[in-house]
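Inside the fold
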Amino acid sequence: MYLNTTNNTAFEGKYIFPTTIKTKVGKYWKNQDVNFVKVDTRKNAADVKTLQEVEQLWEGQNLSGEFNRVAELSKGEANIYVLTTQTNNLEKLEADKILGMIDVAGIRKKGAVDIYRIATNPKYAYAQNTRTRDKKHIAKELVNSVKKMLGPKAKAVLEFAEATDMPFCKRIGLETRNNGNIYTL
């Protein structure tokens, strides 16, 4: 299937590139293609509405409400990206196909970017459903996609990390520094 990598006229969010996560098929984990998309909170009311729908679908869990509030309060300046299984009909981003979201600030000096929030659909989140989930590596691919988008020398910084975030950060190759921020190696 061909997927246009430029903006559609009706969908203001920007398709960035494809990536893969793992999906359980039988007793094995197989690669599944997903898409990394920038949500347009500036011009597209449908994208903002999709974030509201995600908050409802996820029942406000896993920071989904925070993404919605950031989109509303930022007056279109939010940098929210999603991983979605949606491959066509991108004029309407479908909330039920969003696997995870990431909220980043602008690029700082020396190619660093601040990551404010990472959220995974609760049914695929490690902490909530480690034994029953059938998809994994969603948050990891969100972080990797941001780094890939910025280039090989980019540094991603997770702001406001809590103690409960440390196992995840360690698992995907992030480490903490003295002020509680997380830096890539």
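Residues numbered from 1 in each chain as written. Predicted model: local features only at pLDDT ≥ 70, side-chain atom pairs only at ≥ 80, totals over all residues. Heavy atoms only, no water.

The interhelical angle for the contact between helix α1 (residues 45–57) and helix α2 (residues 64–73), taken along N-to-C directions, is 155°, at an axis separation of 8 Å. One element, α1, and the other, α2, form an angle in the roughly antiparallel class. Seen along the crossing, α1 lies across α2 with a hand that is left-handed. Taking contact as the criterion, the partners of V48, L51, Q52, V54 and E55 in α1 are, on α2, S64, G65, F67, N68, R69, A71 and E72. Of the residues that constitute the contact of α1 with α2, the class distribution is 5 nonpolar, 4 polar and 3 charged. (Axes fitted to C-alpha atoms, helices over the stretch in contact; angles between N-to-C directions. Helix = DSSP H or I, 4+ residues; strand = E, 2+ residues; numbered from the N terminus. Parallel < 35°, antiparallel > 145°, perpendicular 65-115°, else oblique. Left-handed = near helix turned anticlockwise from the far one by under 90°. Contact = heavy atoms within 4.5 Å. Nonpolar A, V, L, I, M, F, W, Y, C, P; charged D, E, K, R; others polar.)

As a further point, take helix α4 (residues 138–150). The terminal C-alpha atoms of α4 lie 19 Å apart, and with 13 residues this matches the ideal 18 Å at 1.5 Å per residue to within 8%. Directly after α4, the chain includes G151, whose backbone phi takes a positive value near 110°. (Expected span 1.5 Å × (residues − 1).)

With respect to the secondary-structure elements, D103 resides in strand β4 (residues 98–107). Among the residues examined, D103 registers a relative accessible area of 3% and is labelled buried. Excluding residues within four positions of it along the chain, D103 makes contact with F67, V70, N79, I80, D114, I115, Y116 and R117. (Buried < 20%, exposed > 50% of the residue type's maximum accessible area, 1.4 Å probe, protein only.)

Our next topic: the nonpolar core. Among the nonpolar cores identified, the biggest contains 23 residues, and F36, I102, I115 and I118 are the most heavily contacted of them. If you list the elements that add at least two residues to this core, you get β1 (14–25), β2 (28–39), β3 (79–84), β4, β5 (112–120), α4, β7 (155–158) and α5 (166–171). In terms of residue count, α4 provides more of this core than any other element does, 5 residues in total. Every residue in contact with F36, bar those within four places of it in the chain, is listed here: K14, Y15, I16, F17, Y81, V82, L83, I102, L142, S145, V146 and M149. Grouped together as the second largest cluster of nonpolar side chains are 17 residues, Y15, A71, I98 and M101 included. (Core = buried A, V, L, I, M, F, W, Y, C linked by side-chain atoms within 4.5 Å.)

Turning next to the environment of V48. Checked against the element boundaries, V48 lands in helix α1. Between the C-alpha atom of V48 and that of A71, which follows or precedes it by 23 residues, the distance is 6.6 Å. Residues within four places of V48 in sequence aside, it is in contact with T41 and N68.

With that settled, the discussion passes to the pairing of β5. The buried fraction of β5 is high, at 8 of 9 residues. In this sheet, β7 lies alongside β5 in parallel orientation, the contact comprising 4 bridges. For I115, the partnering residue across the bridge sits in β7 and is L158. (Pairing = 2+ DSSP bridges.)

This part is about the side chain of S64. Assignment of secondary structure puts S64 in helix α2. What makes S64 buried here is its relative accessible area of 0%. What S64 contacts, discounting residues up to four positions off in sequence, is V54, E55, W58 and M101.

Although it is not a glycine, N62 sits at a positive phi angle of roughly 55°. Examined against the element boundaries, N62 turns out to sit in the loop between α1 and α2. A residue is classified by how much of its surface remains accessible, and N62, at 22% relative accessible area, is partly exposed. We note that H137 has phi near 75°; this positive angle belongs to a residue other than glycine. Its place among the elements puts H137 in the loop between β6 (135–136) and α4.

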